[in-house]
Amino acid sequence: MAYPLPASVRKQQKSVRTFVDQELIPHEIYAEMHEGEFPPGVQARLERQVSDLGLRAMNIPRDLGGGGLSFLEQAVVSEQIGRVTNGLGWIVTTPARCIVEAATPKQMKTWVEPTIRGDRSECYAITEAEAGSDVDAIRTTARPSSGGYFIDGEKWHVTSFNHADHLIVQAKIDGGPNDGAHALFFIDKDSQGVDVLRTPAYSHTYSHHHPVVAFNSVKVPAENLIGREGQGMNFTHDWFRYERLMIAARCCGAAERLIDEASSFAKERKAFGRPVIENQLIQAMLADSVTELWAARLMTYRLAEAHDAGEDVKLLHAQCSMAKLYASEMANRVADRAVQIFGGRGYMRENVAERFYRELRVDRIWEGTSEIQRIIIAGQLAKRGAGALVG
Ligand SMILES: Cc1cc2nc3c(=O)[nH]c(=O)nc-3n(C[C@H](O)[C@H](O)[C@H](O)COP(=O)(O)OP(=O)(O)OC[C@H]3O[C@@H](n4cnc5c(N)ncnc54)[C@H](O)[C@@H]3O)c2cc1C
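Residues numbered from 1 in each chain as written. Predicted model: local features only at pLDDT ≥ 70, side-chain atom pairs only at ≥ 80, totals over all residues. Heavy atoms only, no water.

What follows covers empty space enclosed by the protein. Over the atoms a probe the size of a water molecule is rolled, and this reveals where empty space is left. What the rule picks out here adds up to four cavities of 30 Å³ or more. Space inside the largest cavity adds up to approximately 200 Å³. The wall of the largest cavity is formed by 16 residues, among which Val84, Trp90, Tyr206, Arg250 and Asp363 lie closest to the centre. Within the residue set of the lining of the largest cavity, elements represented by two or more residues are helix H7 (232–268) and helix H10 (352–359). Take the lining of the largest cavity: its biggest share by element is three residues, from H7. Across the lining of the largest cavity, the residue classes tally to 10 nonpolar, three polar and three charged. Among the domains, domain 1 (7–117) and domain 3 (233–390) are the pair contributing at least three residues each to the lining of the largest cavity. For the second largest cavity, the calculated volume is near 60 Å³. In this structure, the second largest cavity is lined by Cys98, Ile99, Tyr124, Ile126, Ile168, Gln170, Leu184, Phe235, Thr236 and Trp239. (1 Å grid on protein atoms, 1.4 Å probe; cavity = no way out; pocket = protein on both sides within 12 Å on 5 of 7 lines; lining within 4 Å. Points joined across faces, edges and corners; volume = space filled by probe spheres on them. Helix = DSSP H or I, 4+ residues; strand = E, 2+ residues; numbered from the N terminus. Nonpolar A, V, L, I, M, F, W, Y, C, P; charged D, E, K, R; others polar. Domains from an automatic or database assignment.)

And the structure:
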């Protein structure tokens, strides 16, 4: 039974799926063996295709140069992108829309519009050694001085720093009337005092690194402040909501690919004289996987539609946690079962199940761990009751 997607969305789903199948998936094994990179000369061509498909800055309104997709369309696109390993799907870009909305005309010209066009690229620096789930515990400070701020601190896991040319950094105001308030700043990567301390290796093989970055008295003009002092946490929550929905969508795509690949293999692979799919123990793994995928997909599409309908943001916040929690844990269970179905082949890096088994693990951690999602959900449940959360 197909979800009742509008015909235009179904058409878009089909064209992105074709792009993923023909242009991205064939490069996965090369990327796995070459630190997450595309083969030489491929990336620029694919970026043009992404642009032609309307997927560059797909979440940004068309009049600002973005793709102008609805949330439902973005969820459907992200789901297809999620079918690819090695972060190759990150060729589709989604600059933070809340920052676009808050940016001044000068910030639009300097950072935002070039980022939408694909001429510049950003990364986000919020987490610190002593502050991950508890964002309010950050110690990075922005000390007001004449005409601007001095930023001091150290950020961890700064994803895409190696590809970016500027950062969006969260700091606490140190002094003045808004002492202790959170704020976000644009900081050019080549600013004096921005230093990479180290670039640790992570489980996945992505071309995007996650270094530890120090800010040593980085002088930032006042015009780099995003919005107002005190708005930092609002922007971050807005970004979390969006990313949690898109993580849910990507996890659905990953699970679908894994189920397709594992069931094809199980139909072909023979043991004890018959295809392994004829064994009920294998059938149960596939049946549980596809059932859970259906549940996660229904949640994700419905939640995307609720965003398009502009439903109550507090409910959406909790429901994004529910979708991210369920879909990420579902995809991890599916990956584990897929490795098992592939047997020894499932432990080889050239196998999609092995790669997803490593890659999907972080979806239970970043943009808020599963534990943090449960806390958010339980908080809204206590305040509003189950009926409000699940209709
Ligand atoms: C690959 C990768 C990329 C990332 N990219 C970025 C990025 O680009 N920018 C950025 O700013 N950050 C990034 N992060 C950071 C990520 O968002 C954090 O790792 C995540 O929010 C968890 O924080 P933490 O690692 O400090 O864990 P902690 O907060 O230290 O948590 C440790 C454990 O305690 C649990 N825990 C914490 N509080 C509670 C509680 N109240 N109740 C129950 N359990 C609790 C957690 O769930 C977890 O299991 C990235 C992380 C990874 C792994």
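Additional details are given in the paragraphs that follow.
A few words now on the packing of aromatic side chains. In total, this model carries nine aromatic pairs according to the counting rule given. Considering the side-chain rings of Trp111 and Phe186, the 4.6 Å spacing of their centres and the 5° angle between planes classify their relative orientation as stacked. With a gap of 75 residues between them, Trp111 in helix H6 (residues 105–117) and Phe186 in strand S5 (residues 182–188) connect regions that are remote in the sequence. Each member of the pair, Trp111 as well as Phe186, carries the same accessibility label: buried. Arranged with centres 4.9 Å apart and planes meeting at 15°, the rings of Tyr124 and Trp239 form a pair that is stacked. On the criterion of sequence distance, the pair formed by Tyr124 in strand S1 (residues 122–125) and Trp239 in helix H7 is long-range, its members being 115 residues apart. Counting every residue linked through ring pairs, the aromatic cluster contains Phe71, Tyr124, Trp239 and Tyr242. Cation over ring: Lys189 sits above Phe161, and NZ or CZ is 4.8 Å from the ring centre. (Phe/Tyr/Trp six-rings, centres within 6.5 Å; stacked < 30°, edge-to-face > 60°. Buried < 20%, exposed > 50% of the residue type's maximum accessible area, 1.4 Å probe, protein only. Lys NZ or Arg CZ within 6 Å of the ring centre and 35° of its normal.)

Annotation of the protein at the domain level lists domain 1 (7–117), domain 2 (122–226) and domain 3 (233–390). A straight line from the C-alpha centre of domain 1 to that of domain 2 covers 25 Å. For the interface between domain 1 and domain 2, the tally reads one salt bridge. Across the pair Glu223 and Lys106 runs a salt bridge, and its minimum N-O distance is 2.7 Å. Across the domain 1-domain 2 interface, the total number found is seven residue pairs in polar contact (both at pLDDT 80 or more). Tallying contributions element by element places H6 first for the side of domain 1 that touches domain 2, with five residues. (Salt bridge = Lys/Arg side-chain N within 4 Å of Asp/Glu carboxyl O. Polar contact = N/O pair within 3.5 Å; in protein donor to acceptor, adjacent residues only side chain to side chain.)

Let us look at the site of the ligand. Taken together, 18 residues form the shell around the ligand, and within it Thr127, Ser133, Thr159, Thr369 and Glu371 come nearest. Tyr124 places a polar main-chain atom, nitrogen or oxygen, 2.9 Å from a nitrogen atom of the ligand. Note that an oxygen atom of the ligand is positioned 2.6 Å from one of the side-chain N or O atoms of Ser133. Burial of the ligand by the protein amounts to 63% of the accessible area it has alone, namely 970 Å². Taken together, the elements giving at least two residues each to the shell around the ligand come down to S1 and helix H11 (370–384). In terms of residues, the shell around the ligand owes the most to one element, H11, which gives three residues. Residue-level mapping places the shell around the ligand at the junction of two domains, with at least three residues from each of domain 2 (122–226) and domain 3 (233–390). (Near = heavy atom within 4 Å. Areas by Shrake-Rupley, 256 points an atom, 1.4 Å probe, with all protein chains shown as cover.)

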